Amino acid sequence: GEYPAVARALAKQWRNVGADVKVVISPDDATFQNTLAYHSYDAVLHGISIGVDPDVYVYWSSTQADIRAPVRLNLSEYQSKPADIALEAGRTRLNPALRSEKYKPFLQAWQADAPALGLYQPRFLYITRGTVYGLEEHAINTDADRFANVQDWQIRQARKTPE
């Protein structure tokens with residue numbers, strides 16, 4: 001949906017600073033998945049869903065950039081020993097405070113190395129006709145989270161009695 005427009009806007013900005021940019025929109029999902037699998041791009045506009053658990057190991061660990069890996073989700077082929085150590089340490093902790101502390105060196109390395117750009121996080125807006133009871137604002141980490149409490153949604157209508 002929005003990726004072609006975002007890609008064109010980015011290309012325009014990059015051209016303005018002298019970059020030679022050619023936007024290629026994949027014709028279908030299979031072609032795009034093949035492009036990702038073989039890392040056959042110079043830059044790629046792709047959304048990732050981190051979910052509730054902030055474990056980003058598959059996206060930034062050096063092991064996920066290895067051509068022998070069955071799935072190579074480290075799309076920028078980022079490799080950093082300090083980041084790898086921090087990712088391993090963070091993902092093995094259950095205590096959120098300790099986990100956060102263990103991830104700090106990863107964040108510092110990632111910010112210093114800048115292997116990718118986080119452009120935006122989509123926001124969902126519910127448009128309703130009238131009041132929907134039980135529809136509450138909450139964090140959405142996956143597409144399915146939009147309907148996390150759909151069983152509680154209800155509308156109230158007055159019954160019309162026959163005349």
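Predicted, not measured: the structure shown is a model, and the values here were computed from it.

About the cut-offs
Residues numbered from 1 in each chain as written. Predicted model: local features only at pLDDT ≥ 70, side-chain atom pairs only at ≥ 80, totals over all residues. Heavy atoms only, no water. Helix = DSSP H or I, 4+ residues; strand = E, 2+ residues; numbered from the N terminus. Buried < 20%, exposed > 50% of the residue type's maximum accessible area, 1.4 Å probe, protein only. Contact = heavy atoms within 4.5 Å. Expected span 1.5 Å × (residues − 1). Arc of directions from axis to C-beta. Salt bridge = Lys/Arg side-chain N within 4 Å of Asp/Glu carboxyl O. 1 Å grid on protein atoms, 1.4 Å probe; cavity = no way out; pocket = protein on both sides within 12 Å on 5 of 7 lines; lining within 4 Å. Points joined across faces, edges and corners; volume = space filled by probe spheres on them. Patch = residues over 30% accessible without salt bridge, like charges linked within 9 Å, V, L, I, M, F, W, Y side chains within 5 Å. Areas by Shrake-Rupley, 256 points an atom, 1.4 Å probe, with all protein chains shown as cover.

Draft legend 1. Region of interest: the side chain of Asn149. Considering the arrangement of structural elements, one finds Asn149 in the segment after α5 (96-113). Residue Asn149 is classed as buried on the basis of its relative accessible area, which comes to 15%. Setting aside chain neighbours within four positions, we find Asn149 in contact with Gly134 and Glu136.

Draft legend 2. Representation of helix α1 (residues 3-16). Along its 14 residues, α1 runs 20 Å from first to last C-alpha, staying within 8% of the 20 Å computed at 1.5 Å per residue. Within α1, the full set of buried residues consists of Val6, Ala7, Leu10 and Ala11. Across the axial projection of α1, the buried residues extend over an arc of 135°, all falling on one side. Opposite the packed face of α1, turned more than 90 degrees from it, sit the exposed residues Arg8, Lys12, Gln13 and Asn16. With its phi angle positive at about 95°, Gly18 sits one or two positions after the end of α1.

Draft legend 3. Structural context of the pattern of salt bridges. Under the defined criterion, the tally for this structure stands at 4 salt bridges. A salt bridge links Asp55 to Arg91; the shortest N-O distance between them is 2.9 Å. Here the residue Asp55 occupies a position in the loop between α2 (29-37) and α3 (57-60), and Arg91 occupies one in helix α4 (residues 81-91), the gap between them amounting to 36 residues. We classify Arg91 as partly exposed; its relative accessible area is 33%. We note a salt bridge from Lys104 to Glu101, for which the minimum N-O separation is 3.3 Å. Remark: Glu101 and Lys104 occur in helix α5; sequence separation between them is 3 residues, near one turn of the helix. Residue Lys104 is classed as partly exposed on the basis of its relative accessible area of 41%. Glu101 sits in the partly exposed class, given a relative accessible area of 46%.

Draft legend 4. Summary view of the layout of surface pockets. Considering only enclosed or pocket space, the second largest pocket measures out at about 330 Å³ in volume. Along the walls of the second largest pocket sit Gln121, Pro122, Arg123, Phe124, Leu125, Tyr126, Leu135, Glu136, Glu137, His138, Ala139 and Ile140, which together make up its complete lining.

Draft legend 5. Representation of a nonpolar patch on the surface. On the surface, a cluster of nonpolar side chains totalling about 410 Å² of accessible area is made up of Tyr3, Leu117, Leu119 and Tyr120. Along the polypeptide, Tyr120 turns up in the segment after α5. Relative accessible area serves as the criterion here: at 40%, Tyr120 is assigned to the partly exposed category.

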